[in-house]
Amino acid sequence: MTNETVLLAGVIGQPIVQSKSPILHGHWLKRYGINGHYIPMDVSSVNLPHVLNNLPKMGFRGVNITLPHKESVLDIADVISDRAALIGAANTLTFQSDGKLHADNTDGIGFISNLKQEAPGWDPKAGPALVLGAGGASRAIVAALLHEKVPEIILTNRTRARADALKAHFGGKIKVVDWTQAANHLDEATTLVNTTALGMTGKEDLKFNLDGLTPKTLVSDIVYSPLITPLLASAQERGCFTVDGLGMLLHQAVPGFERWFGRAPEVDAELRRAVLA
Ligand code: ATR
């Protein structure tokens, strides 16, 4: 018997069974021989403050937060990172040694880290990014693209008012175009991102005329089931470099793992295989 501390972290959402986070953190814990556990927790909105208050007393270092708590958790946090405040949502909480609850959002850097790893030649500054969708995922990606100094974001959403609201929040570098007109802007973009769930198995397909797409555009999707979405398949046929959505999920988990378990984990083919198995 040793007195070695068991490191604890987890993920909170409702429902939580679909979360891939326990698989990927579990894979890293095993790979690096860390004495720790990562536990999925199904928690209602009513119980969230109570649970977050008690987890540090039980030895938890932190938790990931997923739907439906990503926005409301900011009301409970003591310290909010600049990017979580800007995005208006958090996915990574750390129980600090001073007793404070720190909230961060790593979705956007997960998206950028994935593109940088999978497409080393990608230059966000090379030209405008065409972003499809204006929901929660879009907010994180738009914030991250702006942080990477993309010269312009051409933003489109089925419900235009939501795209206008996002522009009002983030400011000048965003040009909003109608959903029905967005295909006309494909030739301007050097980056195209689908931030909606369209194209996911069991959902509607993204009905978007890609005739204007040329090989200079890097095309990425946040959907990872299927890995090659109809959007990515069509882009590949047109000679575009494509990046699937699985890597964003993996990379967004890196900062939390490092903070809670003390080691910067690798995102590689072995991890991808483990999460897809
Ligand atoms: P998330 O947090 O995952 O981004 P969300 O906030 O519900 O989820 O946003 C979903 C995005 O998918 C929105 O951009 C939504 O467009 P609306 O604002 O018009 O609802 C988009 N979306 C969902 N279903 C769609 C569809 N059938 N056609 C076009 N866009 C759709």
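Structure first, text after, so check above.
Residues numbered from 1 in each chain as written. Predicted model: local features only at pLDDT ≥ 70, side-chain atom pairs only at ≥ 80, totals over all residues. Heavy atoms only, no water.

*Asks:* Residue-level account of the nonpolar core, with values.
*Replies:* Among the nonpolar cores identified, the biggest contains 30 residues, and Phe111, Val142, Leu145, Ile153, Leu155 and Ile174 are the most heavily contacted of them. Residue assignment for this core shows that the elements contributing at least two residues are helix H4 (107-118), strand E7 (129-132), helix H5 (136-147), strand E8 (153-157), helix H6 (160-170) and strand E9 (174-178). In this structure, isoleucine 153 is in contact with Ala129, Val131, Val142, Leu145, Leu146, Lys173, Ile174 and Lys175, ignoring residues within four places of it in sequence. Membership of the second largest hydrophobic core comes to 21 residues, among which are Leu246, Val254, Phe261 and Val275. (Core = buried A, V, L, I, M, F, W, Y, C linked by side-chain atoms within 4.5 Å. Buried < 20%, exposed > 50% of the residue type's maximum accessible area, 1.4 Å probe, protein only. Helix = DSSP H or I, 4+ residues; strand = E, 2+ residues; numbered from the N terminus. Contact = heavy atoms within 4.5 Å.)

*Asks:* Before we move on, can you summarise the packing of helix H1 (residues 21-31) against helix H9 (residues 254-261) with the specific residues and values?
*Replies:* Interhelical geometry of H1 versus H9 gives an angle of 45° and a closest axis separation of 11 Å. The orientation of H1 with respect to H9, classified from their angle, is oblique. The handedness of the crossing between H1 and H9 comes out as right-handed. Along its contact with H1, which presents His25, Trp28 and Leu29, the element H9 presents Val254, Phe257, Trp260 and Phe261. Across the contact of H1 with H9, the residue classes break down as 6 nonpolar, 1 polar and no charged. (Axes fitted to C-alpha atoms, helices over the stretch in contact; angles between N-to-C directions. Parallel < 35°, antiparallel > 145°, perpendicular 65-115°, else oblique. Left-handed = near helix turned anticlockwise from the far one by under 90°. Nonpolar A, V, L, I, M, F, W, Y, C, P; charged D, E, K, R; others polar.)

*Asks:* I'd like a rundown of the sheet that holds E8, residues and numbers included.
*Replies:* With respect to topology, 6 strands assemble into an open sheet ordered E9-E8-E7-E10-E11-E12, the strand pairing being parallel. Every other strand in the sheet has two partners, leaving E9 and strand E12 (242-243) as the edge strands with one partner each. The pairing of strand E11 (residues 218-221) with E12 spans 2 bridges and is classified as parallel. For serine 220, the partnering residue across the bridge sits in E12 and is valine 243. (Pairing = 2+ DSSP bridges.)

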